[in-house]
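Letter by letter, the chains look like this.
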Amino acid sequence: MLAGRIGNRRLLTAVDALAAGLGLKPGMPVSKAQALVPDLRIEPANVAEDLASLERLAFWILQRIAPIVAVDPPDGIVIDVAGAAHLHGGEDALLDALTGRLALSGVTARAAVADTWGAAHALARFGGDLADMPPEALRLPAATVAGLRDMGFGRIGDLMAQPRAPLTRRFGPELMRRIDQMFGDAPEPIDALRPADLIETRRAFAEPIAAPETIARYIGKLVAALCAQLETQGLGARRLDLICHRTDREMQTVRVGLAVAQRDPARLTRLLCDKIPGIAPGFGIEIMTLAATITEPLAARQTSTLAPEAPDLSGLIDILANRVGAQAIYRMAPVDSDVPERSIRRIPALAEDAGAGWPHHWPRPSRLLPRPEPIDTMALLPDQPPVWIAWRGVRRRIARADGPERIFGEWWTREAERIAVRDYFRVEDDAGERLWIFRAGDGEDAATGSHRWFLHGVFG
Amino acid sequence: MSAPRSDPALVALRQRIAAIEGDHGPPLAELPFGLAELDRRLPKGGLALGCLHEVAGGGNGATDGAAAACFAAGIAARLPGQVLWCVTQADLFAPGLEQAGLPSGRVIHVEAGDDTSVLACMEEGLRHGSLAAVVADVARLSMTASRRLHLAAKTSGTTGIALRRWRRQADASDFGQPTAAMTRWRISELPSSPLPVPGVGRARWLVELLRARAGESFDLELEACDGTGHLGLPADVAGGPAAAAGRHAFG
């Protein structure tokens with residue numbers, strides 16, 4: 001339970017779940033709360049501390065999620081995800097990732113994506129349809145909200161149905177401005193958070209620029225200046241944010257990530273220039289800022305001419321990662337598991353080699369289906385290969401077969417796998433196609449599996 | 001091919017053709033398959049490096065691309081260095097590739113959304129120059145795209161393998177369209193080598209060279225890649241196709 005001083009009254013500013021269960025809510029006078037619950041524990045609210053921690057959280061989001069982030073006091077953070085959502089696999093995936101990661105670090109967050117700051121603010125706090133939300137969702141002073149309530153406006157939709165002029169005369173221009181901002185009729189630029197120690201370069205243009213060649217030239221100049229700053233501090237960039245402020249107060253952002261810390265101007269310029277087609281200059285760009293959002297120490301390395309060095313692939317990986325997304329570039333590493341789909345895992349392309357490969361005593365197909373496909377078969381139980389199989393509507397007679405290779409379920413991962421069994425066969429049909437099929441179950445005990453047949457892979 | 005190489009008219013003609021094709025860089029190296037039967041039929045006695053090659057599967061292999069993947073893995077395995085493999089559907093099984101000679105530590109997989117970005121990633125890989133080979137699963141490969149890839153491969157000396165793989169069997173007729181690739185292979189699965197006991201023997205392929213620049217096409221029945229990426233010559237065709245045919249007819 002937190003209490004703060006607003007004006008000359010002491011009010012509750014935040015309550016925990018237990019207190020909310022007792023009927024206390026924010027905005028209630030402290031004396032009333034104490035009357036309701038006698039032995040109440042009240043802590044003084046520390047607004048400055050709250051704001052500072054909110055800024056730390058916003059910086060954490062800035063580094064990981066999107067280039068334009070600002071604090072929305074007292075309890076919100078606004079993120080411009082345009083140009084960043086695709087890196088996380090879409091807006092919904094971004095929201096899931098964000099709330100999931102916040103929950104892991106012990107922060108309960110409610111998040112929403114909308115076209116405007118106002119709408120997102122309201123959706124995250126109230127949910128539902130915009131027109132059905134209470135006037136509190138409009139980010140207005142408490143007195144205005146109380147006035148609206150007195151006049152019987154319980155929904156934003158009611159307000160919008162009214163003529164604007166009388167409402168403006170009574171409540172001032174703020175009310176209509178907030179409504180326009182919510183529905184995108186009035187602009188509301190986000191004043192991006194810029195931490196004090198952020199390495200950043202900025203260039204303002206006397207005349208707005210729009211041509212791709214001009215943008216590329218100035219990107220080159222910004223990168224050179226940024227790299228000089230990085231070099232004096234002995235740092236290398238892992239993530240770069242380019243923000244273009246347009247004449248119409250919109251912002252265009254470009255974010256590139258690097259697999260290893262870099263401060264080579266040519267390479268960084270190349271990565272940023274690859275993204276120029278994604279920048280919509282509109283009527284022109286007035287200001288360009290380039291920031292190294294994530295940096296790492298980068299010391300000079302000693303090279304040797306005696307031993308040939310492994311070729312440096314990080315440049316290629318960066319170019320590809322910025323084209324298709326970092327999670328789409330990977331290497332396969334072995335996992336100690338007999339279950340085929342669990343025997344591989346993806347590791348970053350530049351990760352250290354995982355060492356030993358897979359055991360070689362059984363042949364493995366070169367293509368593994370994403371999930372086993374059921375097939376029709378005729379086979380003798382318990383351990384004969386099928387005589388024929390029908391896969392995707394084509395019936396094949398089996399000429400030769402190897403097997404069974406029995407793979408037991410991993411009882412330590414799931415209870416359902418405690419006695420599960422798969423019997424794998426490598427079969428060859430009349431035409432010479434070699435397929436990898438399995439039967440769920442050992443052929444005798446129905447508890448070990450359904451005894452249905454599946455096709456899991458194709459051999460070369 | 002049988003004309004003497006010292007014929008001045010032929011030499012001059014070859015130089016003119018080379019000038020038209022834009023072969024200015026250093027002479028290209030070759031990668032022999034290590035099978036005399038196969039190598040002697042290829043121009044210059046091996047697979048030209050620093051070029052674009054096309055590989056497709058025959059029959060159902062046109063859609064699953066399993067044998068073609070093993071063939072490409074076998075070629076890439078015998079080149080030193082890292083291999084970039086661009087795909088649209090991620091169904092490559094790393095243990096299977098390892099058994100064709102290409103260990104997982106040497107392959108960087110790129111999963112791109114569509115054919116266009118696969119080709120773009122392949123071109124980036126070819127231009128980079130420090131990779132051993134770049135393999136890409138593509139369905140459509142236009143003349144323009146293949147020429148870009150071929151030029152990129154030539155400037156850096158990296159070998160590119162376009163693994164042609166279609167969504168539907170009917171689309172495989174696209175394989176007849178001309179491209180700028182140096183060679184065009186089709187790998188079809190054949191019944192495996194017979195064993196004295198029940199079971200599946202070493203896999204066999206019908207390896208067809210459908211098209212080769214400055215070379216002639218042929219087909220050969222071969223044994224699939226072993227653990228080092230080498231193809232094998234089946235014992236019953238080692239004496240030559242005629243002998244094999246005779247054995248089939250009378251044996």
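Residues numbered from 1 in each chain as written. Chains lettered and ligands numbered in written order. Predicted model: local features only at pLDDT ≥ 70, side-chain atom pairs only at ≥ 80, totals over all residues.

### Looking at the overall build of chain B
And then number 1: Scanning chain B from N- to C-terminus turns up 8 helices and 10 strands.
And then number 2: Per-residue burial over chain B gives 46% buried out of 251 residues.
And then number 3: Considering only residue pairs separated by 6 or more positions, chain B has 63% of its internal contacts joining residues 24 or more positions apart. (Helix = DSSP H or I, 4+ residues; strand = E, 2+ residues; numbered from the N terminus. Buried ≥ 20, exposed ≤ 12 C-beta atoms within 10 Å, placed from the backbone. Contact = placed C-beta atoms within 7 Å.)

### A look at the overall build of chain A
And then number 1: In terms of regular secondary structure, chain A is built from 12 helices and 17 strands.
And then number 2: Here the C-alpha atoms of chain A give a radius of gyration of 31 Å, more than 25% beyond the 23 Å that 2.2 N^0.38 yields for 460 residues.
And then number 3: Its C-alpha atoms give chain A principal-axis dimensions of roughly 90 × 65 × 45 Å.
And then number 4: Out of the 460 residues in chain A, the part that is buried amounts to 31%.
And then number 5: Counting contacts in chain A only where the partners sit at least 6 residues apart, residues at least 24 apart contribute 52% of the total. (Rg over C-alpha atoms; globule rule 2.2 N^0.38 Å.)

### Regarding the pairing of strand β5 (residues 107-111) of chain B
And then number 1: Most of β5 of chain B is tucked away, with 5 of its 5 residues classed as buried.
And then number 2: Taking every second residue as pointing to the same face, both faces of β5 of chain B are buried, with Val107, His109 and Glu111 of chain B on one and Ile108 and Val110 of chain B on the other.
And then number 3: Where strand β10 (residues 329-334) of chain A lies against β5 of chain B, 2 bridges are found, and the strand directions are antiparallel. The residue bridging Ile329 of chain A from the neighbouring strand is Val110 of chain B, located in β5 of chain B. (Pairing = 2+ DSSP bridges.)

### Re the interface of chain B and chain A
And then number 1: With 46 residues of chain B at the interface, the matching set in chain A holds 43 residues.
And then number 2: Elements with a contribution of two residues or more to the side of chain B that touches chain A: α4 (66-77), α5 (94-99), β5, α6 (115-128) and β8 (183-190) of chain B.
And then number 3: Among the residues forming the side of chain B that touches chain A, the class breakdown is 23 nonpolar, 17 polar and 6 charged. (Nonpolar A, V, L, I, M, F, W, Y, C, P; charged D, E, K, R; others polar.)

### Regarding α6 of chain B
Residue and element names in this part refer to chain B.
And then number 1: When the terminal C-alpha atoms of α6 are compared, their 20 Å separation across 14 residues agrees well with the 20 Å that a helix rising 1.5 Å per residue should span.
And then number 2: Residues Val118, Leu119, Cys121, Met122, Glu123, Glu124, Gly125, Leu126 and His128 constitute the buried set of α6.
And then number 3: Backbone geometry just downstream of α6 places Gly129 in the positive-phi region, at approximately 95 degrees. (Expected span 1.5 Å × (residues − 1).)

### Overview of the environment of Ile61 of chain A
All names here are of chain A.
And then number 1: Secondary-structure assignment places Ile61 in helix α3 (residues 47-64).
And then number 2: Sequence separation of Ile61 and Val78 is 17 residues, and the distance between their C-alpha atoms is 10.0 Å.
And then number 3: Apart from the residues lying within four places of it in its own chain, the contact partners of Ile61 are Val69, Ile77 and Ile79.

### Some thoughts on the domain arrangement of chain A
And then number 1: What the domain assignment lists for chain A is domain 1 (2-45), domain 2 (50-182), domain 3 (199-297) and domain 4 (367-458).
And then number 2: Distance from the C-alpha centre of domain 1 of chain A to the C-alpha centre of domain 3 of chain A: 48 Å. (Domains from an automatic or database assignment.)

### Some points on the sheet that holds β10 of chain A
And then number 1: Here 10 strands make up an open sheet; going across it, the order is β11(A)-β10(A)-β5(B)-β4(B)-β6(B)-β7(B)-β3(B)-β8(B)-β9(B)-β10(B) and the pairing mixed. Each edge of the open sheet is held by one strand with a lone partner, namely β11 (344-348) of chain A together with β10 (218-223) of chain B. On average, adjacent strands in this sheet sit at an angle of 25 degrees to one another, irrespective of strand direction.
And then number 2: Two strands pair when backbone bridges link them, and β8 of chain B and strand β9 (residues 204-212) of chain B are joined in this way by 8 bridges, in the antiparallel orientation. Residue pairing for β9 of chain B: Ile187 of chain B is matched across the bridge by Val207 of chain B. (Axes fitted to C-alpha atoms, helices over the stretch in contact; angles between N-to-C directions.)

### Side note on the nonpolar core
And then number 1: Counting 141 residues, the largest nonpolar core has Ile437 of chain A together with Phe71, Ala72, Ala73, Cys86, Val135 and Ala136 of chain B as the members making the most contacts within it.
And then number 2: Ranked by residue count, the leading element in this core is α4 of chain B, at 11 residues.
And then number 3: Apart from residues lying up to four places away in sequence, Val135 of chain B is in contact with Ala72, Ala76, Val83, Trp85, Ile161 and Leu163 of chain B.
And then number 4: Judged by nonpolar contacts, the second largest core, of 11 residues, contains Leu130, Ala137, Ile156 and Met182 of chain A. (Core = buried A, V, L, I, M, F, W, Y, C linked by C-beta atoms within 7 Å.)

### With respect to the sheet that holds strand β17 (residues 453-458) of chain A
All names here are of chain A.
And then number 1: If you walk around this closed barrel you meet the 6 strands as β12-β13-β14-β15-β16-β17, and the pairing is antiparallel. Ignoring which end each strand starts from, the neighbouring axes of this sheet average 45 degrees apart.
And then number 2: Both strand β12 (residues 367-379) and β17 contribute to a ladder of 5 bridges, which runs antiparallel. Bridged to Leu368 within β17 is Gly457.

### Re the pairing of strand β7 (residues 235-246) of chain A
All names here are of chain A.
And then number 1: Strand direction decides the pairing type here: β7 and strand β9 (residues 285-297), joined by 11 bridges, are antiparallel. For Cys244, the partnering residue across the bridge sits in β9 and is Met288.
And then number 2: Looking at chain direction, β7 and strand β8 (residues 251-262) are connected through 8 bridges and run antiparallel. Bridge pairing in β8 links Ala237 to Gln262.
And then number 3: Between β7 and β8, which pair antiparallel one after the other, the connecting turn spans 4 residues, and Arg249 there sits at a positive phi close to 65 degrees.

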